[in-house]
Amino acid sequence: MAPVLFLLMLSGALCSLGQAMSREEKLRLRNQVVEMFDHAYQNYMDHAYPADELMPLTCRGRVRGLEPSRGDVDDALGKFSLTLIDTLDTLVLLNKTTEFEVAVRRVLKDVRLDNDIVVSVFETNIRVLGGLLGGHSMAVMLKEGGQHMQWYQDELLYMAKDIGLRLLPAFNTSSGLPYPRVNLRYGVSGPASRTGTETDTCTACAGTIILEFAALSRFTGDPVFETHARRAMDFLWEKRQRNSNLVGTTINIHSGEWVRRDSGVGAGIDSYYEYLLKAYILLGDDMFLERFNIHYASIMKYISQPPLLLDVHIHKPLLPARTWMDSLLAFFPGLQVLKGDIRPAIETHEMLYQVTKKHNFLPEAFTTDFRVHWAQHPLRPEFAESTYFLYKATGDPYYLEAGRTILDNLNRFARVPCGFAAMKDVRTGSHEDRMDSFFLAEMFKYLFLLFAEVEDIPFDVEDYIFTTEAHLLPLSLSAAPHSSSSNRTSQEELDDSNFDWTCPNTRLLFPDPAYPRNLREPIRTAVDKSCPRPAPYREPGMGRPPLRAQDFMANNPEHLELLRRMGVSLIHLKDGRVQLVQHATQAVSAVAAEDGVRFMQEMMELSSQQQKEQLPPRAIQIVSHPFSGRVVLTAGPAQFGTDLSKSSTGVRGFVIVAEPYSGCTEITNAEYVQGHIAILQRGQCMFAEKARHIQKAGAIGGIVVDDNEGSSSDTAPLFQMAGDGRNTDDVTMPLLFLFHKEGNILLEALKEYREVEVLMSDKARDRGVDVQEAEEDCLTEATTPTSFESTTQTQTSTVELDESVSQEEVPPSQETSQAEEVIPTEAEVSPTEVAADSAQPKEERDSDKRDEAEGHTDSSSQSVDELLADWREDLEAFQQMEKDEL
């Protein structure tokens, strides 16, 4: 059967009761999209090319090996000018034909693909191979038009085949599933490759190959690529859970055993489902549609809980796997539009839109009551993608307004002088020095198409299918020579009951023009009412231990004696942490041992409640020219001085470096410090002492810069500055802490511009506007997955504590049995320990990923092992998001 692009028949048949957007306003917004693209693209070319990506805060290119490693997220970088290749077909869509021709010549002249570097098979396939194929498709289209690219002789296609051949060694497994990484020069075998030892890959990583590989086979006439991609898809289908018809998130590439058995439509699985449906559309093979429809029925039965999409266990699909959602699932309403299932698409999109309006961007993950779970946002395009497809399907101008919101928020909160910077924390508005290539490849395509009229687009987009990276592949490939379909046994005849061949008639779906609005209204109300305070902690189990975890003080001899009686001992680790270890056999009695177990459980409960007990991060916003509020630095708070969360305006002033820089003695340049915000260096004395000295000199605020060269909030846990053990009520100004990298950004600005004005506040205010108080949004607690290694056995349990909020109480660490507590040398507190794989959202290590833990677990109903397993599952999910395109 010929492929059917469902979207084609979902032409705009609806009108919202709201007023339609004027053609002039759409034109203005379309031009604004083009201007924003120019700002991002030109800054990449001016400051970063030929590097893979732009670092927009420091205005330079990110070159792998020259910047601190971000872990798996760096596997997308292969020293092949990633952003330029990923942007090729965007240039054509935005009518930048001359720039496209120049870019193609640059790629052909400058880009090498035989680098001795290990890259992600998934990312290289969708970004590099997909980018080269999309560029080739556009070059052929322009050449056939007779005006441009007349010199083109399929050079991009030859490069695409080159990179395809370099990816092929990854498929040399018994299952046909690819290794997650490959060395571009040496493949996956031998010590020179430095890879090929992995055993696991994500479902999306193995199942998001078919479009690019099949297109490459059909463009070149070489069936080897499509054959390998089909084999991987067949294996995933065979390994689905036969009762639920769902797939897990991570699979062993050799045995086919599911490593992670949770199933959803977000990170780790998302584009596998997308490519099943789109493979049918592009290739015309009914088998892909049959498989998609079987999966889709199970998704709607088990995972979809409109408007939510919640992960479940594949073997027990009625059992939820978690109570939060990740931002990658925002693509799913767009896929439902292609499927022709509009109602749930409207509902889920509306939920996502309301979360976006509450936090300005979709957090990397958020809870079922719409609180922040991981606070990062790396400028992901999935919500814009679904917005475009829903507008295409319904013609409802409501989705134009949603697109306007995306544009406004990007300009207000993410735009910086050298491009657009990812959001490190949507609550504070702080930035990360990162602009991923997918921002140019996807975001501006979908936003341009949303506001463009038919005559604004240089070709008919309905002749193409969008890959998961929004690269354009022509539907004419369905008629190109190709390998035979997957081997199908006689028992696997097509079942017509698994097909929806026809597209829905939108007039019948929506007889009432108010129908979409009626679907959206209750969802909007639900999100608006979604910020209840968490229930207070309740004592688990019967009876009370003689010492409560929240009362414990590590420097209290009486408490230490009580711990000893319960069989709990303190071990001082070499890195400065204090570890609590319980040996039940060493307790003075069986009752005391039970008290010890209960105490350790309370410690774990406190860990999961950490964010509720600590101050959130603060923001330092550079508001003077030329920054105009567009650069926001994540800052650690102090537990003394002005509480910026209670200030409607924050503290605004020009910065000056204090002398002495340490601030540990009387300030010698007091005449300059007076009325200014003083910059100090960490070290040599207590934070409170520094604050008293600059306050005495007349400073209106203080910023302490870390003296540990190379430290960054991207990779280090943010911490709170505690007092010095004395009463600190005499400190009446705010004091904030910057890691070395963020501090250097501020100091370099001061060096170059001499007069630099900043705003110290609880979160960033509107950019480009005379800083005003932003609307208070019910912003929520978030938790960062903490790096724990607690050991628990039948007779032994361990908790590590991060020492002290001051010297009086121990702040609970996060989300497991180990609250890491560093013995303060400056009375500093590191309450938010980020796991090694998390930090860059996706913090990604990406976030990323990192915010509010599921802190409502009843300690009495969960063992230590179960609590740790839950925590590890959250952390693994975050790490998987990094691999899945973050």
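The structure displayed is predicted, hence computed values, not measured ones.

### Considering the overall build of the chain
Within the chain one finds 24 helices and 32 strands. Scored against the burial criterion, the 886 residues of the chain give a buried share of 66%. Accessible surface, the chain: about 31400 Å² in total, of which carbon and sulfur atoms supply 49%.

### Some details on the state of the cysteines
Throughout the structure, instances matching the rule amount to three disulfides. Disulfide pairing places Cys59 opposite Cys418 at an S-S distance of 2.0 Å. Disulfide Cys59-Cys418: torsion about the S-S bond near 95°, hence right-handed. Here Cys59, found in the loop between strand S1 (53-55) and strand S2 (60-62), pairs with Cys418, found in the loop between strand S15 (415-416) and strand S16 (419-420); they are 359 residues apart in sequence, far enough to count as distant. What makes Cys418 buried here is its relative accessible area of 6%. Here Cys664 pairs with Cys685 through a disulfide, and the sulfurs are 2.0 Å apart. Between Cys664 and Cys685, the S-S dihedral sits near -85°, and the bridge is therefore left-handed. Residue Cys664 is found in the loop between strand S25 (651-657) and helix H21 (670-673), and its partner Cys685 is found in the loop between strand S26 (677-681) and helix H22 (687-696); the two are separated by 21 residues along the sequence. Judged by relative accessible area, Cys664 falls into the buried class, the value being 12%. By relative accessible area, Cys685 is classed as buried at 10%.

### Quick look at the pattern of salt bridges
Across all of its chains, the model carries 47 salt bridges by this definition. With its nearest N and O atoms 2.7 Å apart, the salt bridge here joins Arg30 to Asp456. Residue Arg30 is found in helix H1 (residues 23-47), and its partner Asp456 is found in the loop between helix H15 (437-451) and strand S19 (464-466); the two are separated by 426 residues along the sequence. Judged by its relative accessible area of 15%, Arg30 is buried. Classification of Asp456 as buried rests on a relative accessible area of 16%. The salt bridge involving Arg181 is made with Asp75; its shortest N-O contact spans 2.7 Å. One end of the pair, Arg181, is in strand S4 (residues 181-183); the other, Asp75, is in the loop between S2 and helix H2 (82-93), and 106 residues separate them in sequence. Each of Glu53, Arg70, Asp74, Glu123 and Arg127 takes part in one network of salt bridges that share partners.

### Considering the sheet that holds strand S12 (residues 324-326)
Across a sheet, strands are paired by hydrogen bonds formed along the backbone, either parallel or antiparallel in direction. A sheet is described by the order of its strands in space; here three strands give the open sequence S12-S13-S14, paired in antiparallel fashion. Lying at the two open borders of the sheet, with one neighbouring strand each, are S12 and strand S14 (372-374). On average, adjacent strands in this sheet sit at an angle of 30° to one another, irrespective of strand direction. Of the pairings in the sheet, the one linking strand S13 (residues 365-367) to S14 comprises two bridges and is antiparallel in character. In the strand pairing of S14, Phe366 is matched with Val372.

### Examining the side chain of Asp262
Tracing the chain through its elements places Asp262 in strand S8 (residues 262-263). Polar side-chain contacts of Asp262 include one of 2.4 Å to the side chain of Arg260. With residues up to four places along the chain from it excluded, the contact list for Asp262 reads Val247, Gly248, Thr249, Ile269, Asp311, Val312, His313, Ala321 and Arg322.

### Some thoughts on the pairing of strand S27 (residues 701-705)
Taking burial as the measure, the five residues of S27 include five buried ones, the bulk of the element. Of the two faces of S27, the one lined by Gly701, Ile703 and Val705 and the one lined by Gly702 and Val704 are each fully buried. In this structure, S26 lies alongside S27, joined through five bridges in parallel fashion. Looking at S27, one finds that Ile679 is bridged to Ile703. Note on the crossover from S26 through H22 to S27: the handedness is right-handed. Sheet topology places S27 next to strand S29 (residues 735-738); four bridges connect them, and they run parallel. Bridge pairing links Val705 to Leu738 in S29.

### Structural notes on the nonpolar core
Ranked by internal contacts, the top residues of the largest apolar core, which has 176 residues, are Phe100, Leu410 and Phe420. Setting aside anything within four residues of it in sequence, one finds Phe100 in contact with Leu88, Leu91, Val92, Gly135, Met138, Ala139, Leu142 and Met149. Grouped together as the second largest cluster of nonpolar side chains are 25 residues, Ile622, Val655, Leu738 and Leu750 included.

### So, the sheet that holds S27
Read from one edge of the open sheet, seven strands run S24-S23-S30-S25-S26-S27-S29, paired in mixed fashion. Each having just a single partner strand, strand S24 (631-635) and S29 make up the two edges of the open sheet. Neighbour-to-neighbour, the strand axes of this sheet turn through a mean angle of 35°, independent of strand direction. As judged from the five bridges shared by strand S23 (residues 618-622) and S24, these two strands associate in the antiparallel manner. By the bridge assignment for S24, Ile620 is matched with Leu633. Against the sheet, helix H23 (residues 740-753) engages S23, S24, S25, S26, S27, S29 and strand S30 (757-761), with an angle of about 140° to S24.

### Concerning unusual backbone geometry
In the segment running from Tyr49 into Pro50, the intervening peptide bond is cis, with an omega of 10°. Assignment of secondary structure puts Pro50 in the loop between H1 and S1. At Phe370, a position not held by glycine, the phi torsion is positive, near 70°. Note on placement: Phe370 falls in the loop between S13 and S14. When its relative accessible area of 6% is taken as the criterion, Phe370 is described as buried.

### With respect to helix H9 (residues 270-283)
Under the 1.5 Å per step criterion, the end-to-end length of H9 is 20 Å for 14 residues, consistent within 8% with the ideal 20 Å. Burial analysis of H9 places 14 of its 14 residues in the buried class, which makes it a mostly covered element.

### Looking at the environment of Ser628
Assignment of secondary structure puts Ser628 in the loop between S23 and S24. The class of Ser628 is partly exposed, set by a relative accessible area of 28%. For the pair Ser628 and Asp766, spaced 138 residues apart in sequence, the C-alpha to C-alpha distance is 9.6 Å.

### With respect to the packing of aromatic side chains
Scanning the entire structure with this criterion turns up 27 aromatic pairs. Consider the rings of Trp151 and Tyr152, whose centres lie 6.1 Å apart with planes at 80°: the pair is edge-to-face. The exposure class assigned to Trp151 is partly exposed, which follows from its relative accessible area of 24%. Between the aromatic rings of Phe389 and Tyr446, the centroid separation amounts to 6.2 Å while the plane-to-plane angle is 55°, which identifies the pairing as tilted. Linking Phe389 in helix H13 (residues 382-394) with Tyr446 in helix H15, this pair joins segments that are 57 residues apart in sequence. Neither Phe389 nor Tyr446 differs from the other in exposure class; each is buried. The ring of Trp324 is capped by Arg322, whose NZ or CZ atom sits 4.4 Å from the centre of that ring. Over the ring of Tyr353 we find Lys357, and its NZ or CZ is 4.6 Å from the ring centre.

### Some words on the packing of helix H10 (residues 286-303) against helix H11 (residues 332-339)
When two helices pack together, their arrangement is given by the angle between the helix axes and the distance between those axes. Where H10 meets H11, the closest approach of the two axes is 13 Å, and the angle between their N-to-C directions is 125°. Classified by the interaxial angle, the pair formed by H10 and H11 is oblique. For the crossing formed where H10 meets H11, the hand is left-handed. Counting all contacts with H10, which are made through Phe292, Asn293, Tyr296, Ile299 and Met300, the residues of H11 involved are Phe332, Leu335, Gln336 and Lys339. In terms of residue class, the contact of H10 with H11 is built from six nonpolar, two polar and one charged.

Conventions adopted
Residues numbered from 1 in each chain as written. Predicted model: local features only at pLDDT ≥ 70, side-chain atom pairs only at ≥ 80, totals over all residues. Heavy atoms only, no water. Helix = DSSP H or I, 4+ residues; strand = E, 2+ residues; numbered from the N terminus. Buried < 20%, exposed > 50% of the residue type's maximum accessible area, 1.4 Å probe, protein only. Areas by Shrake-Rupley, 256 points an atom, 1.4 Å probe, with all protein chains shown as cover. Disulfide = S-S within 2.5 Å. Salt bridge = Lys/Arg side-chain N within 4 Å of Asp/Glu carboxyl O. Pairing = 2+ DSSP bridges. Axes fitted to C-alpha atoms, helices over the stretch in contact; angles between N-to-C directions. Polar contact = N/O pair within 3.5 Å; in protein donor to acceptor, adjacent residues only side chain to side chain. Contact = heavy atoms within 4.5 Å. Right-handed = clockwise from strand over helix to strand, strands pointing away. Core = buried A, V, L, I, M, F, W, Y, C linked by side-chain atoms within 4.5 Å. Expected span 1.5 Å × (residues − 1). Phe/Tyr/Trp six-rings, centres within 6.5 Å; stacked < 30°, edge-to-face > 60°. Lys NZ or Arg CZ within 6 Å of the ring centre and 35° of its normal. Parallel < 35°, antiparallel > 145°, perpendicular 65-115°, else oblique. Left-handed = near helix turned anticlockwise from the far one by under 90°. Nonpolar A, V, L, I, M, F, W, Y, C, P; charged D, E, K, R; others polar.

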